[in-house]
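Structural features, examined
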Amino acid sequence: MGLKGFVEGGIASIVAGCSTHPLDLIKVRMQLQGESVVPNQAIQNLRPAIAFNSASATIAGAQPAVHIRPPPRVGPVSVGIKIVQAEGVAALYSGVSATVLRQTLYSTTRMGLYDVLKQKWSDPDSGNMPLVRKIAAGLIAGGIGAAVGNPADVAMVRMQADGRLPMSERRNYNGVIDAITRMSKQEGVTSLWRGSSLTVNRAMIVTASQLASYDQIKETILEKGVMKDGLGTHVTASFAAGFVASVASNPVDVIKTRVMNMKVEPGTAPPYSGALDCAMKTVRAEGPMALYKGFIPTISRQGPFTVVLFVTLEQVRKILKDF
């Protein structure tokens, strides 16, 4: 019974991940907006926090520093159009192989573990599980799933973000295996778990809010007799769960994206020393709302992703119920 939960969750997650990949790519590009916008070549390698904070910073042998303003924020539609114009329609699926691997590792693990814990912790009479236990199950399942899937997550972020870099700086990975292999050789095996603390924290938040809220909302709808157990109930509960997960996880997601995407040159200090350093530099340079960059594409992606995930999951459960 436990193994079937992993299979069901894995199939549903892969379908949902591939269906909403372009929205996820746009979200990543938006989260990286303003991260490194420096017109002067001499200060091109500085992070925004350094470039923006010093009103009197000067560079040896250069003119006094110019006050730099972050670029105007661009909406998801504009970002999508620019990607298609600059890189082609196929660019919207950059990193899709990493998405498949990530869903296979991360989501299969978290969905399967949540199902196992749900069976163990549910009330034997009603079949329901208290909200606190749902949240606890989501936290445990999400954390373990994220630790397993972190290498694919790093590869996915880099492949999605590659198109925004100048041609000379692009990594040009041929696929998720090439990305993981080159990262291991060039930056060490530990680079595959870069940002893992953020990934685990985000996954715990997403899984607890997404799966717990879906189950809770679905149970409430059925108990109150608002709708019967069918497509309408599944869509309503899953979209509400997607909204809750988006609000809860976006700040961690922004920091995770930036830490994973940072380029570390041999012999030089990394742009960010860790998650807290990244968060402080981001807020200092771009304001607190920078932590909600990409929220519109996040909810635009998380909503459909969660709907496709749970609707597919419910259908797969019906198909596999006799196995």
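Residues numbered from 1 in each chain as written. Predicted model: local features only at pLDDT ≥ 70, side-chain atom pairs only at ≥ 80, totals over all residues. Heavy atoms only, no water.

With that settled, consider the overall build of the protein chain. Helix and strand content of the protein chain: eleven helices and zero strands. Counted from the first residue to the last, the protein chain has its helices and strands arranged as α-α-α-α-α-α-α-α-α-α-α. Classification of the 323 residues of the protein chain by burial places 49% in the buried group. (Helix = DSSP H or I, 4+ residues; strand = E, 2+ residues; numbered from the N terminus. Buried < 20%, exposed > 50% of the residue type's maximum accessible area, 1.4 Å probe, protein only.)

Despite not being glycine, Asn172 shows a phi value in the positive range, around 55 degrees. With respect to the secondary-structure elements, Asn172 resides in the loop between helix H6 (131–161) and helix H7 (176–187). In this structure Asn172 comes out as partly exposed when scored by relative accessible area, which is 45%.

Turning next to the nonpolar core. Side chains of a nonpolar character, in soluble globular proteins, are inclined to be buried together. The biggest cluster of nonpolar side chains holds 16 residues, and the ones touching the most others in it are Tyr114, Leu309 and Phe310. Residue assignment for this core shows that the elements contributing at least two residues are helix H1 (2–19), helix H5 (96–121), H6, helix H8 (196–224), helix H9 (231–261) and helix H11 (295–320). For this core, the element with the most residues is H11, which contributes four residues. Leave out the neighbours within four places in its chain, and Phe310 touches Gln210, Leu211, Tyr214 and Ser238. Of all hydrophobic cores here, the second largest spans 13 residues; its members include Ala98, Val157, Met183 and Leu192. (Core = buried A, V, L, I, M, F, W, Y, C linked by side-chain atoms within 4.5 Å. Contact = heavy atoms within 4.5 Å.)

For the coordinates displayed, the defined rule picks out 18 salt bridges. Across the pair Lys27 and Asp24 runs a salt bridge whose closest N-O atoms are separated by 2.9 Å. Of this pair, Lys27 and Asp24 both sit in helix H2 (residues 21–31), three residues apart, which is roughly one turn of the helix. A salt bridge links Glu87 to Arg29; the shortest N-O distance between them is 3.0 Å. Of this pair, Glu87 sits in helix H4 (residues 76–87) while Arg29 is found in helix H2, placing the two residues 58 residues apart along the sequence. The exposure class assigned to Glu87 is partly exposed, which follows from its relative accessible area of 28%. Counted as one network, the salt bridges with shared partners bring together Asp24, Lys27, Arg102, Asp153, Arg202, Asp253, Lys256 and Arg301. (Salt bridge = Lys/Arg side-chain N within 4 Å of Asp/Glu carboxyl O.)

Judged by side-chain polarity, Phe243, Val244, Val247, Met289 and Tyr292 come together as a nonpolar surface patch covering roughly 420 Å² of accessible area. Position of Val244 among the secondary structure elements: in helix H9. (Patch = residues over 30% accessible without salt bridge, like charges linked within 9 Å, V, L, I, M, F, W, Y side chains within 5 Å. Areas by Shrake-Rupley, 256 points an atom, 1.4 Å probe, with all protein chains shown as cover.)

A word on the packing of aromatic side chains. This model, assessed by the stated rule, comprises two aromatic pairs. Plain terms: the ring middles of Tyr214 and Phe310 are 3.8 Å apart, the flat faces sit at 5 degrees to each other, and that makes the pair stacked. Taken together, the residues span a long stretch of sequence, with Tyr214 in helix H8 and Phe310 in helix H11 at a distance of 96 residues. Judged by its relative accessible area of 2%, Tyr214 is buried. When the centroid spacing of 5.8 Å and the interplanar angle of 65 degrees are considered together, the rings of Tyr292 and Phe295 count as edge-to-face. Note that Arg301 overlies the ring of Phe305, its terminal NZ or CZ placed 4.3 Å from the centroid. (Phe/Tyr/Trp six-rings, centres within 6.5 Å; stacked < 30°, edge-to-face > 60°. Lys NZ or Arg CZ within 6 Å of the ring centre and 35° of its normal.)

Another point: the side chain of Arg258. Take Arg258: it is sitting in helix H9. Look at Arg258 and you get buried, because its relative accessible area is 0%. A distance of 2.7 Å separates a polar atom in the side chain of Arg258 from a polar atom in the side chain of Glu286. (Polar contact = N/O pair within 3.5 Å; in protein donor to acceptor, adjacent residues only side chain to side chain.)

Before going further, it helps to examine the environment of Val283. Tracing the backbone through its elements, the reader meets Val283 in helix H10 (residues 275–286). What Val283 contacts, discounting residues up to four positions off in sequence, is Pro288 and Leu291.

What follows concerns H1. The terminal C-alpha atoms of H1 lie 26 Å apart, and with 18 residues this matches the ideal 26 Å at 1.5 Å per residue to within 8%. Looking at H1, one finds that the buried residues are Lys4, Gly5, Glu8, Gly9, Gly10, Ala12, Ser13, Ala16 and Gly17. Residues of H1 that are buried in the fold lie against H2, H5 and H11. (Expected span 1.5 Å × (residues − 1).)

With respect to the helices and strands, Ile26 occurs in helix H2. Overall, the relative accessible area of 10% leaves Ile26 in the buried class. In the structure, Ile26 is positioned 50 residues away from Pro76 in sequence and 6.4 Å away in space, judged by C-alpha atoms. Excluding anything up to four places from it in sequence, Ile26 contacts Pro76, Val79, Gly80, Ile83 and Pro297.

In this structure, Thr199 sits in helix H8. Its relative accessible area of 5% is what places Thr199 among the buried residues. Excluding anything up to four places from it in sequence, Thr199 contacts Ala146, Asn150, Asp153, Lys256 and Met260.

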